[in-house]
Structures are given as structure tokens and as C-alpha cells.
Amino acid sequence: MIDLHTHSTASDGLLRPAEVVRQAASSGLSVIALTDHDTTSGLVDAAEALPAGLTLLPGAEISCGVRVGPDHWVSLHLLAYLFDATEPDFAAVRARLRSERVTRAQRMVEKLAADGHPVHWERVRAQADGVVGRPHVAEALVSAGLVDTVADAFTPAWIGAGGRYWVGKDEPDALEAIRLVRNAGGVSVLAHAYARKRGETINPGMITALARAGLGGLEVDHPDHTPDARAELRRLAADLDLIVTGASDFHGPSKPQRLGAETTSEQAYDALVAAGQGAHPVTGQVKTPPIGEPDILGKN
Ligand code: AMP
Ligand code: FE
Ligand code: FE
Ligand code: ZN
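Residues numbered from 1 in each chain as written. Chains lettered and ligands numbered in written order. Predicted model: local features only at pLDDT ≥ 70, side-chain atom pairs only at ≥ 80, totals over all residues. Heavy atoms only, no water.

Visitor: Help me understand the nonpolar core in this model?
Guide: Nonpolar side chains in soluble globular proteins generally cluster together in the buried interior. Grouped together as the largest cluster of nonpolar side chains are 33 residues, with contacts concentrated most on Leu76, Leu190, Ile207 and Leu218. Every element with two or more residues in this core is listed here: strand S3 (55-69), strand S4 (72-81), helix H3 (88-114), helix H7 (174-183), helix H8 (204-212), strand S6 (217-221) and helix H9 (227-240). Discounting chain neighbours no more than four positions away, the residues touching Leu190 are Leu76, His77, Leu78, Ile202, Ile207, Leu210, Leu215, Gly217, Leu218 and Glu219. With 19 residues, the next largest nonpolar core counts Ala128, Val137, Leu141 and Ile159 among its residues. (Core = buried A, V, L, I, M, F, W, Y, C linked by side-chain atoms within 4.5 Å. Buried < 20%, exposed > 50% of the residue type's maximum accessible area, 1.4 Å probe, protein only. Helix = DSSP H or I, 4+ residues; strand = E, 2+ residues; numbered from the N terminus. Contact = heavy atoms within 4.5 Å.)

Visitor: Could you clarify how one ought to interpret the coordination of the iron ion (ligand 2) in this entry?
Guide: Reference geometry at the metal: tetrahedral coordination by four donors gives ideal angles of 109.5 degrees; octahedral coordination by six donors gives 90 or 180 degrees. The iron ion (ligand 2) binds to the protein through Asp12 (OD), Asp12 (OD), His37 (NE2) and His251 (NE2), with metal-donor distances spanning 2.2 to 2.8 Å. Around the iron ion (ligand 2) sit six donor atoms, and with donor-metal-donor angles ranging over 50 to 156° the site reads as irregular. Mapped onto the sequence, the donors of the iron ion (ligand 2) take the spacing D-x24-H-x213-H. Separating the iron ion (ligand 2) from the iron ion (ligand 3) is a gap of 5.4 Å. Taken together, the residues Asp12 in the loop between strand S1 (2-3) and helix H1 (17-26) and His251 in the loop between strand S7 (243-246) and helix H10 (266-275) connect sequence positions 239 residues apart. Each member of the pair, Asp12 as well as His251, is classed as buried. (Donors = N, O, S within 2.8 Å, 3.2 Å for Na, K, Ca; no water. Tetrahedral: all angles 85-135°; square planar, octahedral: opposite > 155°, others 65-115°.)

Visitor: Before we go on, may I ask you to explain the packing of aromatic side chains in this structure?
Guide: Describing an aromatic ring pair means giving the distance of the ring centres and the angle of the ring planes. With the rule as written, the count across this model stands at two aromatic pairs. When the ring of Phe83 is compared with that of Phe90, the centres are 4.9 Å apart and the planes differ by 70°; the resulting orientation is edge-to-face. Exposure remark for Phe83: the relative accessible area of 5% places this residue in the buried category. One Lys or Arg, Arg196, reaches over the ring of Tyr194 and ends 4.4 Å from the middle of that ring. (Phe/Tyr/Trp six-rings, centres within 6.5 Å; stacked < 30°, edge-to-face > 60°. Lys NZ or Arg CZ within 6 Å of the ring centre and 35° of its normal.)

Visitor: Looking at this structure, I do not really get the coordination of the zinc ion (ligand 4). What am I missing?
Guide: Each protein donor to the zinc ion (ligand 4) is listed here as His5 (NE2), His7 (NE2), Glu61 (OE) and Asp249 (OD); together their distances run 2.1 to 2.4 Å. Coordination at the zinc ion (ligand 4) comes from four donor atoms whose angles at the metal span 77 to 165°, giving a geometry best classed as irregular. Mapping the donors of the zinc ion (ligand 4) onto the primary sequence gives the spacing H-x1-H-x53-E-x187-D. The two metals, the zinc ion (ligand 4) and the iron ion (ligand 2), are separated by 4.4 Å. With His5 in the loop between S1 and H1 and Glu61 in strand S3, this pair connects stretches of sequence that are 56 residues apart. Accessibility assignment for this pair places His5 and Glu61 in one class, buried.

This is how it looks when you write it as C-alpha cells:
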């Protein structure tokens, strides 16, 4: 089983990277990609904790978007795999996105406070171990008793896309994001393109433009995709010769989808690995004592 989209405490997941890979192994996965929002900071810990036989595909989920009108921007998430994390242009954009996330979360908190809601930036910041996101603001809304659940916070009355206290981020254009991933040796897959419950989505014409710009694949099997959305995307991927992936978008126990809830075929995985040249997948090894060291029985 191959699951190519997961989150840890490096962004808005609830489990530490080492725990994510341990759970991946116990869930029966053979390959897991860790794709935290706008960061690669969890990858080292994940790689070090890899159980024997489990493969880690290094990745990140990049915030970007497309302009669909003079005053109209649709946010997108681009899964990037196997890029060189030290390539400076792409690294700079990820760093800018992380600082933008802080500013934007602070502005959401200010808007809430201006309306008298008891939400404090220090509390939101403390919720986040790594990259801050709307789920951390949502948690603060739950803690303050303003909403019952995190999902209730993602509505027009609160911080759902375009909602009363929602603030957008300054994101790169998706065409630029695709170019950055490619120049860093990576391969990109458009995440949950038709997750319509999350807000406005793009149309087939726009996906065609992304494909022409070097998009590598489409995430077709995603928990937020209806059967119709999957069928449409699968057809589009076939027409555009894009790799089809499936993944859980696991965030830990905060969300219902388990690791391996949606999966990618081995053939699609091989195609991604062939397309990504900036880094390598890492496989956990059986731990053996270093040669020349006294063994546990102390024969030396
Ligand atoms: P951000 O990238 O900071 O705008 O936050 C987006 C993240 O919020 C997504 O990656 C999900 O983890 C989470 N999210 C988006 N929509 C919902 C929703 N309707 N319910 C719960 N979590 C959501
Ligand atoms: Fe997330
Ligand atoms: Fe996403
Ligand atoms: Zn995600």
C-alpha cells in the first residue's frame, strides 16, 4: 500500500514525523510520502525513524493558486516530491510562504479579537509545533468555546475560504510553483483539485494549462473527492497523460481518514520516482550493530 500525502507536527498534523512513519508501518504501508505544508522540516526525523522495509518518499505540499479574474484568486495545493530541498529559489519561496502564514494567522486573530472573540495569538502559535495553519486557529476557536468542532470553524461564519474572519495568503502562481519544483529536480502533483467542499476549485481548462507547464500528476483518490469528481479527474489525467495518485491526506486523529485510506498504484509510484531527480526515496534498514563493535554477549 502506497500513501503519498500525509502531515505531521511539522505543519498541521497531530503526530510527530517519527510517529507518522511508525503508524504507517503498523498500518501495512510499503511507501509513505510526508508532505507537510510549505516545509521539509519533518523529513529528517521521519527518515531516521523509518521502520525496516518502509520507504519514505520525501515531499511537501506547496500553497499556490491561480488568478481567474481581476480580483479573483483560487488557492491550490501542489504536492511536490523528490525535489532538492537545498535548491535556493524553491527554498526561498517555501520560507516566504511560512512567514506569510504567520502574518496571515495573526491577522485572522486580530479580526476575531476586534469582534470581541477571546482568541489570542500566543495560544494559536503555541498550538503549532512547526508551520502554522488555519487548523491551529480553528483549535483556538474550539478552545474558546466559539465552535464545537474544528470542522465548524471552516465555515463562512468563521475561517472557511472567504469567510468572515478568513484571511488569504500571498501565494505564488501555480505555474510558477510547478516551475520551481521542476527546477529543483522534483515532480509535482495537483492535490485534491476537486475538493469542492473546501471552496472554489479550478476547471479542466486550468488543469490543462498546468499540465502544459509541467505538472506531473493529479491526486484523484482523495477523501474529499466524490465519486463523480474522481471520475472526471481520472478522465482528465488520461487525456493529459498525467500520473494518477491516491492518498489519505492523513493529519492524525484530528481527521477521520486513516493512513492508507486511499492509495496509489505501484505503476504510478514508479512513474513518479522516474520523474523526480532531485532527491531519492529512503528505505528503512534492519538495524544491525556496527561491524567491529562488541556484540551484546560481550564476547570481545
Ligand atoms: P491553510 O493552509 O492554513 O489555509 O489551512 C488549510 C488546511 O486546513 C488544510 O490543509 C486542512 O488541513 C485544513 N482544512 C481545510 N478545510 C477543512 C475543513 N473543511 N475541515 C477541517 N479542516 C480543513
Ligand atoms: Fe492540512
Ligand atoms: Fe491540501
Ligand atoms: Zn494536505
